[in-house]
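Each chain is listed here by its residues.
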Amino acid sequence: MYDKLQPPPSIGVNFALEAVSCENGAMRLLSGSHEIIYQMDAVAPHTERVLVEQLGMQRVFICPLEPGDVLLRDLRVWHAGSPNLLSN
C-alpha cells in the first residue's frame, strides 16, 4: 500500500527518440494515482475503469514530447500509451 507522505520508491525516466503527439501514441498519466491506497494484486485490466470512476479520478494528462525531451515520473503513477491514429 502507498502513503502520500512517503517518497516514491523509484522514478521512471522516459526519453523521446522521436516526436510523440496526441495522434501517434503519446503517454497518458492519471493525475493523483500515485496517492491511491490499493493493492496491485486487486487491480485487473477489466476492473481499472470502474476503480478509476469510483475514486473520482477523471483527470488524464497526455504527454506529447519532442525528440530529446525527458519525462520523469513517480513509478506509482498509473500510465498508458495512447493509440497511434496515424496511417504511417
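The model shown is predicted, which means the values in this text are computed figures rather than measured ones.

**Student:** Is there a simple way to think about the pattern of salt bridges in this case?
**Tutor:** Two side chains of opposite charge can pair, provided their charged atoms sit close to one another. Scanning the model with the defined rule gives one salt bridge in all. Here Asp74 ties to Arg76 by a salt bridge, and the two come within 2.7 Å at their closest N and O atoms. Taken as a pair, Asp74 and Arg76 share a single burial class, namely buried.

**Student:** It is not clear to me how the side chain of Ser82 should be interpreted in this structure. Could you clarify?
**Tutor:** Note on placement: Ser82 falls in the segment after strand E5 (79-81). Relative accessible area serves as the criterion here: at 16%, Ser82 is assigned to the buried category. Only 2.8 Å separates the side chain of Ser82 from the backbone oxygen of Ala26, close enough to count as a polar contact. A distance of 3.4 Å separates the side chain of Ser82 from the side chain of Arg28, its partner in a polar contact.

**Student:** Looking at this structure, how should I read the confidence of the model for the protein?
**Tutor:** Reading fine detail from the predicted coordinates is not recommended where pLDDT is low. A residue-level look at the protein finds 81% of positions with pLDDT of 70 or above and a mean pLDDT of 78. Mean pLDDT in the protein bottoms out at helix H1 (residues 48-54), which sits at 72, and peaks at strand E1 (residues 11-15), which reaches 91.

**Student:** Teacher, can you tell me more about the environment of Ser21 here?
**Tutor:** Summarising the element assignment, Ser21 is placed in the loop between E1 and strand E2 (27-30). The class of Ser21 is partly exposed, set by a relative accessible area of 23%. Separated by 42 residues in the primary sequence, Ser21 and Cys63 have C-alpha atoms spaced 7.7 Å apart. Setting aside chain neighbours within four positions, we find Ser21 in contact with Ala26 and Pro64.

**Student:** Where do I start with the environment of Asn14 in this structure?
**Tutor:** Relative to the helices and strands, Asn14 resides in strand E1. Each C-alpha atom, one on Asn14 and one on Leu71, is 5.0 Å from the other, the two residues being 57 residues apart in sequence. Within polar-contact distance, the side chain of Asn14 engages the side chain of Arg73 at 3.1 Å.

Cut-offs applied
- Residues numbered from 1 in each chain as written.
- Predicted model: local features only at pLDDT ≥ 70, side-chain atom pairs only at ≥ 80, totals over all residues.
- Heavy atoms only, no water.
- Salt bridge = Lys/Arg side-chain N within 4 Å of Asp/Glu carboxyl O.
- Buried < 20%, exposed > 50% of the residue type's maximum accessible area, 1.4 Å probe, protein only.
- Helix = DSSP H or I, 4+ residues; strand = E, 2+ residues; numbered from the N terminus.
- Polar contact = N/O pair within 3.5 Å; in protein donor to acceptor, adjacent residues only side chain to side chain.
- pLDDT = per-residue confidence, 0-100.
- Contact = heavy atoms within 4.5 Å.

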